Amino acid sequence: MQVFADGFTQVSLSGGVIRLNLVQTNAENQTTDVGQLLIPAVRAEAFLNGMANAFKQLSEQAKQANQQAASSAPNQESNDQSVFNS
């Protein structure tokens, strides 16, 4: 199952389960609920550490790709933005 979410509106803990209400934001900055992410509270730390490590790796890959792109075309002007901003 795939859910596109660019934010969350609420986090709660009930019955040992953390619930994050996921939302999408439109061009008018209005949000629409798109689902919930449920994480067992006893696994939350491991889950968040895993996500943080994954995003750190993605950030490094994006930086390397940006550096390679910049060095391969040093005389060209570009309006491209970074793949990932940290």
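Here, the structure is the one placed above.
Residues numbered from 1 in each chain as written. Predicted model: local features only at pLDDT ≥ 70, side-chain atom pairs only at ≥ 80, totals over all residues. Heavy atoms only, no water.

A. Geometry of helix 1 (residues 44-72). Between its first and last C-alpha, helix 1 extends 42 Å over 29 residues, near the 42 Å set by a 1.5 Å rise per residue. Within helix 1, burial applies to A44, S59 and A62. Taken together, the buried residues of helix 1 touch strand 2 (17-25) and strand 3 (31-40). (Helix = DSSP H or I, 4+ residues; strand = E, 2+ residues; numbered from the N terminus. Expected span 1.5 Å × (residues − 1). Buried < 20%, exposed > 50% of the residue type's maximum accessible area, 1.4 Å probe, protein only. Contact = heavy atoms within 4.5 Å.)

B. Layout of the pairing of strand 1 (residues 7-14). As paired strands, strand 1 and strand 2 are joined by seven bridges and run antiparallel to one another. Across the sheet, the residue bridging to G7 is V23, located in strand 2. Hairpin connection of strand 1 to strand 2: two residues between the antiparallel strands, including G15 at a positive phi of 60°. (Pairing = 2+ DSSP bridges.)

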